[in-house]
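# Observations on the three-dimensional arrangement
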Amino acid sequence: MFKHLLHYLALLALAATAPTSLFAQNASPQQQPFYLHDGDTVVFYGDSITEQRYYTHWVELYTATRFPHMQVRFYNAGVGGDRVTGGSAGPIDLRLSRDVYPQKPTVVTIMLGMNDGSYRLLDKDIENKYTQGYEHILNSIQQTLPSARLTLFGPSPYDEFTRPTAIAGGYNATMTRFSEIDSELAARHGATFIDLNAPFVTAVKRGIDTNTLATQLLIPDRVHPEQTAHWFLAEAILKGWNAPAIVSSTTIDAEKKAIIDAQNTQINGLSGDDTSLTWTQLDGALPLPIDGNNIADRFLRQITNIEQDLDQQPLRITGLKPSTYQLIIDSAIIGTFTNAELAKGINLANYGTPMRGQAYSVRWLIRDREEAHYVRLRMFVTEMKKGVPAEPGATNITKFEQALQTQIYEAAQPIPHLFKIKQIAVQQ
């Protein structure tokens, strides 16, 4: 409780003076297709950082809201303390056969290393055990799931940036060496490699320059990032998977009553007069539920490129007479803008639109499904340790997960909204 209070107070002090993120005028969709496909099943394998279910949550949330017409299933197989040899939930071969293979994944991600370094200086014995253990994992997965696509994550950092290191000689150097090994293994096994260490450190250093205390509280024990900081990992993963920045993009010429540009959206019923403009818009995706009025979210947008890289929903209205205008969506006033601001473009993802509200609904359903799967995994771990049967409860939870999966994609389906630009004051 005290930790979260400090976090709140530090971020509150920051928010009082911090500017909002700038809208990226030149944002455009990535040319390469998104890594995940319709019908994919993704298993996130890892240690306690994966078990936190935060970066995995953000990746799933992005996928469901940005690609609502796909069906992708996600399962978290992270267990605290795990190494390449396994851990408290069983040795590695048991972990894979119980927690990964039954899901029949088409995509498996792996992030290990934090515990493998034993929180001391790296030596050849540690490095060899890590390399050989990781190689065993990859060989096993590729033998059992030969068509699965693998993504290896270079491990997230040990925080020795917001405060002096607690380990003589430093520990993050071990994580960066493990990341190099992961990259080499990925190349040998035809896997995708994404470094999570360097992008995370970059965000942390930006945070230090802005507010050291707030940044320190994002990684309170040096190892486990708070929920907000898991976006540092998710952003790197999504960029590595060619995630598009554009939710939708709309440009309208008010004078000509013409649609100039419409990306990932359908515009119908465009009409208006000298003082107003109305149309119906059906986007193909939803923005991320990141609220600039939320202190933590505002800090996040300051020290990362999430808005520019992942959350662009530009609306541009040219040809308006000099004046001030209200933007109204479904009878809700979204904001007040000058004709010059609208001509330059606003990022709807920054505002409390009905579309962002819908994305929050998707988020809560994903949270519920993740928690259900976590309970199911722990039931099998308990069976291993204490002999308490996981069935029939595990099967019932699986059915519940499947029902929630359906609800997630039902809730993520975009719906049409009525837009109105209304003049409220004439510029003198």
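See the structure above.
Here goes a summary of the coordinates provided. Just so you know, the residues in each chain are numbered from 1, in the order the chain's sequence is written. Per-residue local features are limited, in this predicted model, to residues with pLDDT of at least 70; the limit for side-chain atom pairs, both in listing and counting, is 80 or more; totals at the level of whole chains, interfaces and linings are taken over all residues. The basis for the side-chain values is all heavy atoms of the structure; hydrogens and waters are excluded.

### Examining the overall build of the protein chain
- Where helices and strands are cited, they refer to DSSP runs of H or I of at least four residues and of E of at least two residues respectively, numbered from the N terminus. When helices and strands are tallied, the protein chain shows 14 helices and 16 strands.
- Scaling as 2.2 N^0.38, a compact globule of 428 residues should have a C-alpha radius of gyration of about 22 Å, and the protein chain matches this with 24 Å.
- For the protein chain, the spread of C-alpha atoms along the three principal axes comes to 75 × 50 × 40 Å.
- Any residue under 20% of the maximum accessible area for its type is buried, any over 50% is exposed, and the rest in between are partly exposed; the area is computed with a 1.4 Å probe on protein chains only. The burial tally for the protein chain puts 54% of its 428 residues in the buried class.
- We call two residues in contact when some of their heavy atoms are within 4.5 Å. Taking as baseline every contact in the protein chain between residues at least 6 positions apart, the subset at least 24 positions apart corresponds to 77%. Put simply, the radius of gyration uses C-alpha atoms, and a globule should come to 2.2 Å times the residue count raised to 0.38.

### Looking at the side chain of Arg163
- Note that Arg163 resides in the loop between β6 (149–154) and α6 (172–189).
- Contacts described as polar in this section are N or O atom pairs within 3.5 Å, which, within protein, must combine one atom able to donate a hydrogen with one able to accept it, while residues neighboring in sequence count only if both atoms come from side chains. Reaching out from Arg163, the side chain makes a polar contact with the backbone oxygen of Gln216 at a distance of 3.3 Å.
- In this structure Arg163 touches Gln216, Ile219, Pro220 and Arg222, once residues within four positions along its chain are discounted.

### Considering the sheet that holds strand β8 (residues 249–253)
- With respect to topology, four strands assemble into an open sheet ordered β9-β8-β12-β15, the strand pairing being mixed. Edge positions in the sheet fall to β9 (258–263) and β15 (346–347), since each has one partner strand and no second.
- The sheet contact formed by β8 and β9 spans five bridges and is antiparallel. Paired with Ile252 across the strands is Ile259, a residue of β9. Between any two strands, pairing holds if DSSP finds at least two bridges.

### Notes on the packing of helix α5 (residues 124–144) against α6
- To define axes, lines are fitted to C-alpha atoms, for helices over the stretch in contact only, and angles between the resulting N-to-C directions are given on a 0 to 180 degree scale. At a minimum axis distance of 11 Å, the contact between α5 and α6 shows a crossing angle of 35 degrees. Here the hand of the crossing between α5 and α6 comes out right-handed. Contacts from Ile126, Glu127, Tyr130, Thr131, Tyr134, Glu135, Leu138, Asn139 and Gln142 in α5 reach Arg177, Phe178, Ile181, Asp182, Leu185, Arg188 and His189 in α6. By definition, turning the near helix anticlockwise from the far helix through less than a right angle yields a left-handed crossing, and turning it clockwise yields a right-handed one.

### Some remarks on the nonpolar core
- As used in this record, nonpolar core signifies buried Ala, Val, Leu, Ile, Met, Phe, Trp, Tyr and Cys residues forming a set joined through side-chain atoms within 4.5 Å. Among the nonpolar cores identified, the biggest contains 109 residues, and Ile110, Trp231, Trp279, Ile317 and Leu327 are the most heavily contacted of them.
- Ignoring sequence-local partners within four residues, the contact set of Ile317 consists of Ile252, Ala254, Leu277, Trp279, Asn339, Leu342, Ala343 and Ile421.

### Examining helix α9 (residues 230–240)
- Buried residues dominate α9, accounting for nine of its eleven residues.
- Three or more residues of α9 are buried, namely His230, Trp231, Phe232, Leu233, Ala234, Glu235, Ala236, Ile237 and Leu238.
- The first or second residue beyond α9 is Asn242, which carries a positive phi of 60 degrees.

### Topic: the pairing of strand β12 (residues 314–318)
- The buried count for β12 comes to four of five residues, which makes it a mostly enclosed element.
- By the bridge criterion, four bridges tie β8 to β12 in an arrangement that is parallel. Residue pairing across strands places Ile252 opposite Ile317, the latter belonging to β12.
- Here β12 pairs with β15 via two bridges, running antiparallel. The partner of Leu315 across the bridge, within β15, is Ile346.

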